[in-house]
Amino acid sequence: MMLDEDDDCPELVPIDTQPGPPVGQIPVTIITGYLGAGKTTLLNYILTEQHNKRIAVILNEFGEGSALEKSLAVSQAGELYEEWLELRNGCLCCSVKDNGLKAIENLMEKKGKFDYILLETTGLADPGAVASMFWVDAELGSDIYLDGIVTVIDAKYGLQQLAEEKADGLVNEAARQIAVADLTIINKTDLVTEEELKEVKDTVRVDLSEVLDLHSFDSKDGANLAEKLQLVKPTRAHLDKSILTVTFEIAGDLSEDALNAFIQDLLWEKIFCNKDGQPMSVIRLKGIVSFADKGHQVMLQGVHELYELNETQQLWENPRINRLVFIGRNLDKDILQEKFVSTVLLGSEKN
Ligand SMILES: Nc1nc2c(ncn2[C@@H]2O[C@H](COP(=O)(O)OP(=O)(O)OP(=O)(O)O)[C@@H](O)[C@H]2O)c(=O)[nH]1
Ligand SMILES: [Zn+2]
């Protein structure tokens, strides 16, 4: 992981102009970035480094993935997650304004105050909309203030995501996430050459300075933040509805070879089609899977055509239930699940 510190915004700073955080207020850091960029990895890193603070983590996962994401993150960070608050009500940008802050405040009433809140947005979120909620509420005397927006950029796929054309009226989420960032982190530098990395850096800088001209709003005081958010406020729909989430749960053990073949057919060969004959295209893949010869749960992680299977620390309890999440275009749950059950699942436990 590599910090790419923009010249004028070298670090996360409270938006308040007074030195130090506002007394009695709890900072929120929004962690954003496209699907699979490495947000949860960063979160786990922060939590692992951080030992004596009560940190609340809020996940806003796209679709039904949050339970899985939560278990993935917990298994990695162990005891460090003090509290969880899941906002399952669809898109955080749309739902948090009404119930998000209230939910946080209710949680604090019950559990006492947190020292810090980390909020991971979905890979398809417009963080500006999420951030503006905290800004608005600050005026209303909330306990919570926005400390900063951190955007994680995938060094390998970031450019591709930025270049993607969107249908009419849709914003490019990846560009918006970079535009509102106080700090951008270029991640997965191990997967690219120095040249490719330079291209990513240059593009990200261009995005900041030319496309949205955010340098005119560099000052960190609240008013300018408001202007900045105003500037990037979405005028129309902000979620790309062509991206679908499919999840399923299936009990039993899997064949490791067959699972690899299934994933490679899906991610590399792209041989699966939906009912309209359009090829399924997976951007993000996650799962917890069971192999007969392994007592521990195995985690599946995929981003575009890269994937990995890693044994976790988590021991299985019976029944072993495989959980899979697919995010992408032209996905069809019935077809994926049928294919999975008929080719990957072992023995008689098919359901
Ligand atoms: N090679 C490499 N892989 C990384 C790095 N950081 C994260 N990954 C991998 O990228 C995948 C996605 O990481 P996550 O942290 O789950 O990404 P995310 O942004 O939280 O994903 P979503 O919440 O699904 O959008 C995982 O397989 C990680 O192991 C890195 O620096 N290098
Ligand atoms: Zn995540």
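Everything discussed here concerns the structure shown above.
Read on for a plain summary of the structure. (Residues numbered from 1 in each chain as written. Chains lettered and ligands numbered in written order. Predicted model: local features only at pLDDT ≥ 70, side-chain atom pairs only at ≥ 80, totals over all residues. Heavy atoms only, no water.)

### Looking at the environment of Thr 343
By the secondary structure assignment, Thr 343 is in helix α10 (residues 333-343). Exposure remark for Thr 343: the relative accessible area of 38% places this residue in the partly exposed category. The sequence separation of Thr 343 and Glu 305 amounts to 38 residues, and the corresponding C-alpha distance is 20 Å. Here Thr 343 is in contact with Ala 258 and Phe 262, once residues within four sequence places are set aside. (Helix = DSSP H or I, 4+ residues; strand = E, 2+ residues; numbered from the N terminus. Buried < 20%, exposed > 50% of the residue type's maximum accessible area, 1.4 Å probe, protein only. Contact = heavy atoms within 4.5 Å.)

### So, helix α9 (residues 256-269)
Between its first and last C-alpha, α9 extends 18 Å over 14 residues, near the 20 Å set by a 1.5 Å rise per residue. Of all the residues in α9, the buried ones are Ala 258, Leu 259, Asn 260, Phe 262, Ile 263, Leu 266 and Leu 267. Positive backbone phi, at 50°, marks Lys 270, one or two positions downstream of α9. (Expected span 1.5 Å × (residues − 1).)

### Some thoughts on the sheet that holds strand β11 (residues 306-315)
One open sheet holds the five strands; their spatial order is β8-β12-β9-β10-β11, and the pairing between them is antiparallel. Single-partner strands in this sheet number two, and they are β8 (243-251) and β11. Going from strand to strand, the sheet's axes swing by 15° on average, the running direction of each strand aside. Note: β8 against strand β12 (residues 321-329), nine bridges, orientation antiparallel. Across the sheet, the residue bridging to Ile 243 is Arg 329, located in β12. Relative to the sheet, α9 contacts β9 (281-289), β10 (296-303), β11 and β12, its axis offset from that of β11 by approximately 140°. Against the sheet, α10 engages β8 and β12, with an angle of about 35° to β8. (Pairing = 2+ DSSP bridges. Axes fitted to C-alpha atoms, helices over the stretch in contact; angles between N-to-C directions.)

### Describing the packing of aromatic side chains
With the rule as written, the count across this model stands at five aromatic pairs. Ring centres of Phe 262 and Phe 272 lie 5.5 Å apart, and the angle between their planes is 40°; this geometry places the pair in the tilted category. Residue Phe 262 is found in helix α9, and its partner Phe 272 is found in the loop between α9 and β9; the two are separated by 10 residues along the sequence. Judged on exposure class, the residue Phe 262 and its partner Phe 272 are both buried. On the numbers, 6.0 Å between centres and 50° between planes, the contact of Trp 268 with Tyr 307 is tilted. Separated by 39 residues along the polypeptide, Trp 268 in helix α9 and Tyr 307 in strand β11 bring together distant segments of the chain. Among the aromatic residues, ring-to-ring pairing joins Phe 248, Phe 262, Phe 272, Phe 326 and Phe 340 into one connected group. (Phe/Tyr/Trp six-rings, centres within 6.5 Å; stacked < 30°, edge-to-face > 60°.)

### Some remarks on the pairing of strand β7 (residues 183-187)
Of all five residues in β7, five are buried; the element is thus mostly enclosed. Residues Leu 183, Ile 185 and Asn 187 line one face of β7 and the alternating positions Thr 184 and Ile 186 line the opposite face, and both faces are buried. Bridging between strand β6 (residues 144-154) and β7 involves five bridges; their strand directions are parallel. The partner of Asp 154 across the bridge, within β7, is Asn 187.

### Topic: empty space enclosed by the protein
Leftover empty space is mapped by rolling, across the atoms, a probe with the size of a water molecule. Counting across every chain of the model gives two cavities of 30 Å³ or more. Here the second largest cavity is characterised by a volume of approximately 70 Å³. As for the second largest cavity, its lining consists of 13 residues, of which Tyr 34, Val 152, Ile 153, Ala 174 and Ile 178 are closest to the centre. When residues of the lining of the second largest cavity are traced back to their parent elements, those giving at least two are β6, α5 (158-163) and α6 (173-179). If one sorts the elements of the lining of the second largest cavity by residue count, β6 sits on top with four residues. (1 Å grid on protein atoms, 1.4 Å probe; cavity = no way out; pocket = protein on both sides within 12 Å on 5 of 7 lines; lining within 4 Å. Points joined across faces, edges and corners; volume = space filled by probe spheres on them.)

Fair warning: the whole summary comes from geometry, so function is off the table for now.
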